[in-house]
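Residue-level structural notes
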Amino acid sequence: MLLEIAALNGACARALDSDRLEDWPGFFTERCLYVVTTADNVAAGYKAGLIYADSQAMLVDRVAALREANIYERQRYRHLLGLPVVLGEADGVVTVETSFAVIRTMRDGHMMVFAAGAYQDKVVRGEWRYTERLVVCDSQRVDTLLAIPL
């Protein structure tokens with residue numbers, strides 16, 4: 001099970017890092033939750049996020065907006081992932097936490113640690129897709145250029 005979850009995490013990160021954004025929603029179930037938030041918000045019990053999507057269709061719409069409507073400076077991500085830690089399983093859904101860091105490279109070559117934190121995931125066993133992905137960033141400061149999903 002750990003190998004399947006690590007492979008899912010790696011494949012999802014690779015799709016984002018290689019600008020295959022259209023593949024990204026396929027890593028989620030049709031009815032899913034994807035939220036980018038901060039550790040402070042989670043500690044306070046706030047449900048809202050910097051990015052919030054509650055279906056695969058919303059993820060598809062986000063990618064379409066990135067490709068067709070939004071204007072942002074060209075950039076690339078490189079995800080560095082820790083090993084997933086399985087926290088539990090119930091009714092065929094595995095609860096997992098994985099540390100991450102994202103290095104962002106701008107078109108001029110400038111690189112920075114863009115985000116660091118932990119993915120808090122619920123993964124459907126056997127199907128190996130996310131039914132929930134809470135992206136919990138350690139810092140409460142988030143760059144306004146959060147265009148590409150984390």
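Details of the structure are given in the entry above.
Just so it is clear, the structure is predicted and the values come from calculations on it, not from any experiment.

What counts, and at which threshold
- Residues numbered from 1 in each chain as written.
- Predicted model: local features only at pLDDT ≥ 70, side-chain atom pairs only at ≥ 80, totals over all residues.
- Heavy atoms only, no water.
- Helix = DSSP H or I, 4+ residues; strand = E, 2+ residues; numbered from the N terminus.
- Contact = heavy atoms within 4.5 Å.
- Core = buried A, V, L, I, M, F, W, Y, C linked by side-chain atoms within 4.5 Å.
- Buried < 20%, exposed > 50% of the residue type's maximum accessible area, 1.4 Å probe, protein only.
- Patch = residues over 30% accessible without salt bridge, like charges linked within 9 Å, V, L, I, M, F, W, Y side chains within 5 Å.
- Areas by Shrake-Rupley, 256 points an atom, 1.4 Å probe, with all protein chains shown as cover.
- Salt bridge = Lys/Arg side-chain N within 4 Å of Asp/Glu carboxyl O.

1. A short note on the environment of Glu 132
Within the element layout of this structure, Glu 132 appears in strand β7 (residues 129–137). Each C-alpha atom, one on Glu 132 and one on Leu 81, is 18 Å from the other, the two residues being 51 residues apart in sequence. Excluding anything up to four places from it in sequence, Glu 132 contacts Leu 33, Gln 120, Asp 121 and Lys 122.

2. Some thoughts on the nonpolar core
Among the nonpolar cores identified, the biggest contains 34 residues, and Trp 24, Phe 28, Tyr 34, Val 36, Val 135 and Leu 150 are the most heavily contacted of them. For this core, the secondary structure elements donating two or more residues are α1 (2–17), β1 (28–38), β2 (51–53), α3 (56–68), β5 (93–106), β6 (111–124) and β7. Per-element tally for this core: the top contributor is α1, with five residues.

3. So, a nonpolar patch on the surface
A surface patch of nonpolar side chains, about 220 Å² in accessible area, is lined by Met 1, Leu 2 and Val 86. By secondary structure assignment, the location of Leu 2 is in helix α1.

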